[in-house]
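Examination of the molecular architecture
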Number of protein chains: 4
Amino acid sequence: MKAKIKIFISEIEGVWTDGSFFINGSGNEYWKFNFNDLTGINLLKKNKIPFLLISGEESEAEKKGIAKFGIKSYKTGIKNKEKFLNDYLKKKKISWSEVAYIGSTIDDLNILKKAGLSATPITSPFYVRNVANWILRAKAGEGAFSQFVEDYLEEIGKLKESF
Amino acid sequence: MKAKIKIFISEIEGVWTDGSFFINGSGNEYWKFNFNDLTGINLLKKNKIPFLLISGEESEAEKKGIAKFGIKSYKTGIKNKEKFLNDYLKKKKISWSEVAYIGSTIDDLNILKKAGLSATPITSPFYVRNVANWILRAKAGEGAFSQFVEDYLEEIGKLKESF
Amino acid sequence: MKAKIKIFISEIEGVWTDGSFFINGSGNEYWKFNFNDLTGINLLKKNKIPFLLISGEESEAEKKGIAKFGIKSYKTGIKNKEKFLNDYLKKKKISWSEVAYIGSTIDDLNILKKAGLSATPITSPFYVRNVANWILRAKAGEGAFSQFVEDYLEEIGKLKESF
Amino acid sequence: MKAKIKIFISEIEGVWTDGSFFINGSGNEYWKFNFNDLTGINLLKKNKIPFLLISGEESEAEKKGIAKFGIKSYKTGIKNKEKFLNDYLKKKKISWSEVAYIGSTIDDLNILKKAGLSATPITSPFYVRNVANWILRAKAGEGAFSQFVEDYLEEIGKLKESF
């Protein structure tokens, strides 16, 4: 984490949720989110750090959850997250070393390696935890995103003044 | 906790719930509550201690949950909880030192400091746990409110007679 | 546990469920049950031990859950569980010492004391755990009822032959 | 695990789910699945190992969950799982020693004993854990199936190349 972080990027499943979905006999589907992650959004806003939510899934429930948090900067249904972010960062003129990334699956491995600062919830598989810079104390879906932001602000000495 | 507690005040998200909400593709939203918290209500009633539920969120699901517990003393959608409580306590002629408060987020920090007795579930972030008088053994959404009431009654030697 | 157990009686909330309910803005309510508890029912059937489910709550969701397990021996909406069971046991000519009971709340304290064998999930409040004969390893809503039955059959040397 | 594994077979309740179901007053029923188990499916595909999901339950919610994962190889509502698998394996000309099986209930005991490699989530009852070759670190419903596949591939030295 030598370079200044210019953007926080987060996967949704396995970070904002614990990866679960609820489904009934008609295929009606619910996703479970947690208001704990509002804190992370608010702390980033106060510190004027942009963020982006990404997801490999494509689900209306997921989108309604994102909307509930008032988040406009997101992209779902991404087939190749690494390629998508390469393009995105190029366009935004942000280098990988300026990215703080949190993810939890095999698809996130390369991204976690490339990012200047990477984190994963304590509930992630061992091969993801092996690669991330920080293994958070939070479980997926219980405010892991907020904890990542808080720990970063604490690290750079800006948490208290952000309250 | 020098002064006598005259009112119990509790946040909803992160205390009565674990902060989670369930949402589907139509935006239909569920909140998860726990009957464990009925015990706290009943114990306060037996001891004739009033209580108040407050929330920064505004949600119909939340209100229906509150109604399910038969609670009439609540206020949701509060933008500034500290200001709201300052006004409320003034009107009720209760001083902060007579308040027992339980909360779990950044917004609760000042309130937790002002209250005569403060508590937070074990699942709260470290900067909240640092400030609360009591860190409860209960997790958010699993009866933390009841445990706060029980521990208080135990502390003043009135738990057993309240059964 | 000197006398032979003639009936298993179980509370629903806090044993078959973790006490939680899910509610939306229309007041539509879900309860969460666990198929793990089917094992307990089947083991009792094999050993020809009757059982009874009781509940202080009155909820259609609760009843549909009970029906899903194929249970016909239950009573919900009980105001005074101790009184109800006194009458019930009298009618069935079963003494309290022949009852195996599992519960988790203040209302269960006297019943837990009277029953010949009593148990409570590990998630129950301390004043309930203090009173129960057995503190189960299972959490409420994760198969605590089945574990109570299994531990009993193990205790009397009949678990293995019940498989 | 002397023989080569030719098929992965998994129970659904207690492995892909934690055994829970959500039910309302109309009997509308939800099941909770976890995208974590997609990893297991993808890893098996990459290694060209077929798999089969089986279930003793019969539920439309369950089927919709299975469909959400894109799984076509499954059988629900099985009365006698051991008999069903005996027939199935005979038809497929696969011996029990070539089967990797994961299950969590009394009904799975014989199958766990017969399979060449058997596993169970850490949340299973002790008499199931006693019988399985591997007790996984994962809880039921939190990606136990994926962990079984990952641990197997790690064991035969093929996990890393499967990423």
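Above: the structure in question.
Reading the values: rules and limits
- Residues numbered from 1 in each chain as written.
- Chains lettered and ligands numbered in written order.
- Predicted model: local features only at pLDDT ≥ 70, side-chain atom pairs only at ≥ 80, totals over all residues.
- Heavy atoms only, no water.
- Helix = DSSP H or I, 4+ residues; strand = E, 2+ residues; numbered from the N terminus.
- Rg over C-alpha atoms; globule rule 2.2 N^0.38 Å.
- Buried < 20%, exposed > 50% of the residue type's maximum accessible area, 1.4 Å probe, protein only.
- Contact = heavy atoms within 4.5 Å.
- Least-squares fit on C-alpha atoms with pLDDT ≥ 70 in both.
- 1 Å grid on protein atoms, 1.4 Å probe; cavity = no way out; pocket = protein on both sides within 12 Å on 5 of 7 lines; lining within 4 Å.
- Points joined across faces, edges and corners; volume = space filled by probe spheres on them.
- Nonpolar A, V, L, I, M, F, W, Y, C, P; charged D, E, K, R; others polar.
- Expected span 1.5 Å × (residues − 1).
- Polar contact = N/O pair within 3.5 Å; in protein donor to acceptor, adjacent residues only side chain to side chain.
- Core = buried A, V, L, I, M, F, W, Y, C linked by side-chain atoms within 4.5 Å.
- Buried area = accessible area lost by both parts, 1.4 Å probe.
- Salt bridge = Lys/Arg side-chain N within 4 Å of Asp/Glu carboxyl O.
- Pairing = 2+ DSSP bridges.
- Phe/Tyr/Trp six-rings, centres within 6.5 Å; stacked < 30°, edge-to-face > 60°.
- Lys NZ or Arg CZ within 6 Å of the ring centre and 35° of its normal.
- Axes fitted to C-alpha atoms, helices over the stretch in contact; angles between N-to-C directions.

**Some points on the overall build of chain A**
- Looking only at helices and strands, chain A has six helices and eight strands in total.
- Walking chain A from its N terminus toward its C terminus, one meets helices and strands in the order β-β-β-α-β-α-β-α-β-α-β-α-β-α.
- Taking 15 Å as the expected radius of gyration for a compact globule of 163 residues, we find that chain A reaches 15 Å, a close match to that expectation.
- Dimensions of chain A, computed from C-alpha atoms along their principal axes, come out at roughly 50 × 35 × 30 Å.
- Looking at the 163 residues of chain A, the share that counts as buried comes to 58%.
- Sequence-distant contacts in chain A: of pairs separated by 6 or more residues, those separated by 24 or more amount to 54%.

**Details of the relation of the copies chain B and chain A**
- Its rotation angle being 90°, the transformation that places chain B on chain A also includes 0.0 Å of axial translation and leaves an RMSD of 0.0 Å. Put plainly, the chains are arranged around a four-fold axis.

**With respect to empty space enclosed by the protein**
- Counted according to the given criterion, the structure contains one cavity of 30 Å³ or more.
- If you add up the space inside the largest cavity, you get close to 110 Å³.
- As for the largest cavity, its lining consists of A:F22, A:Y30, B:F22, B:Y30, C:F22, C:Y30, D:F22 and D:Y30.
- Across the lining of the largest cavity, the residue classes tally to eight nonpolar, no polar and no charged.

**Quick look at helix α3 (residues 81-92) of chain B**
Residue and element names in this part refer to chain B.
- Over its 12 residues, α3 runs 16 Å from end to end, which matches the ideal 16 Å to within 8%, given 1.5 Å per residue.
- On the buried face of α3, the contacting elements are β1 (7-11), β4 (51-54), β6 (99-102) and α4 (109-114).
- Of the residues that open α3, the one with a side-chain oxygen 3.2 Å from the backbone nitrogen of E82 is N80.
- Immediately downstream of α3, the backbone of K93 shows phi near 55°, a positive value.

**Side note on the layout of surface pockets**
- Its volume calculated, the second largest pocket comes out at about 500 Å³.
- Around the second largest pocket, the lining is made up of 21 residues, and of these B:L38, B:N42, C:E57, C:T105 and C:D107 lie nearest the centre.
- Here the lining of the second largest pocket gets six residues from one element, more than from any other, and that element is helix α1 (residues 36-46) of chain B.
- Grouping the amino acids of the lining of the second largest pocket by side-chain chemistry returns five nonpolar, nine polar and seven charged.

**Observations regarding the nonpolar core**
- By size, the foremost hydrophobic cluster in this structure holds 212 residues, and its most contacted members are A:W16, B:W16, C:W16 and D:W16.
- Within the second largest apolar cluster, eight residues are counted, among which are A:F22, A:Y30, B:F22 and D:Y30.

**Quick look at unusual backbone geometry**
All names here are of chain C.
- At K48, a residue that is not glycine, the phi angle is positive and equals roughly 50°.
- Tracing the backbone shows K48 in the loop between α1 (38-46) and β4 (51-54).
- You can call K48 exposed: its relative accessible area is 75%.

**Overview of the interface of chain B and chain A**
- Counting from both sides, the interface comprises 21 residues of chain B and, opposite them, 24 residues of chain A.
- Taken over both partners, the interface formed by chain B and chain A buries close to 2000 Å², and the fraction arising from carbon and sulfur atoms is 63%.
- Salt-bridge contacts for A:K68 lead to B:E29; the nearest nitrogen and oxygen are separated by 2.6 Å.
- Those elements that place two or more of their residues in the side of chain B that touches chain A are β2 (20-24), β3 (29-34) and α5 (126-129) of chain B.
- Broken down by element, the side of chain B that touches chain A gets its largest block of residues, five residues, from β2(B).
- When its residues are assigned to classes, the side of chain B that touches chain A shows 10 nonpolar, seven polar and four charged.
- In the sheet, strand β3 (residues 29-34) of chain A pairs with β2(B) via five bridges, with the strands oriented antiparallel. What sits directly across from A:W31, in β2(B), is B:I23.

**Brief notes about the packing of aromatic side chains**
- Scanning the entire structure with this criterion turns up 72 aromatic pairs over all chains.
- Ring geometry for D:W31 versus D:F33: centroids 6.4 Å apart, planes at 20°, classification stacked. Note on accessibility: D:W31 and D:F33 belong to one class, buried.
- Above the ring of D:F21, the side-chain terminus of C:K68 is found at 5.9 Å from the ring centroid.

**Concerning the sheet that holds strand β5 (residues 74-75) of chain A**
Residues and elements named next belong to chain A.
- Here six strands make up an open sheet; going across it, the order is β5-β4-β1-β6-β7-β8 and the pairing parallel. Each of the sheet's edge strands pairs with one partner strand only, and the pair in question is β5 and β8 (134-135).
- Bridge analysis of strand β1 (residues 7-11) against strand β6 (residues 99-102) gives four bridges, and the strand direction is parallel. If you follow S10 over to β6, its bridge partner there is I102.
- Sitting on the sheet, helix α3 (residues 81-92) touches β1, β4 (51-54), β5 and β6, and the angle it makes with β4 is about 155°.
- In the packing of helix α6 (residues 144-155) onto the sheet, the strands contacted are β1, β4, β6, β7 (117-120) and β8, and the crossing angle to β6 comes to about 145°.

**Focus: the pattern of salt bridges**
- Under the criterion given, the structure shown has 36 salt bridges over all chains.
- Of the charged contacts, one joins A:K63 and A:E58 as a salt bridge, the two residues approaching to 2.8 Å between their closest N and O atoms.
- According to the relative accessible area criterion, A:K63 is partly exposed, its value standing at 25%.
- In this structure, D:E82 and D:K114 form a salt bridge, with 3.0 Å as the shortest nitrogen-oxygen distance. Taken together, the residues span a long stretch of sequence, with D:E82 in helix α3 (residues 81-92) and D:K114 in helix α4 (residues 109-114) at a distance of 32 residues.
- Taking the relative accessible area as the measure of exposure, D:E82 reaches 21% and is therefore partly exposed.

**Comments concerning the environment of D:A115**
All names here are of chain D.
- Relative to the helices and strands, A115 is located in the loop between α4 and β7 (117-120).
- Residue classification places A115 among the buried positions, given a relative accessible area of 7%.
- It is 9.4 Å that separates the C-alpha atoms of A115 and A132, two residues lying 17 residues apart in sequence.
- In this structure A115 touches W96, V99 and Y101, once residues within four positions along its chain are discounted.

Everything listed here is a matter of coordinates, which is why it stays silent on function.
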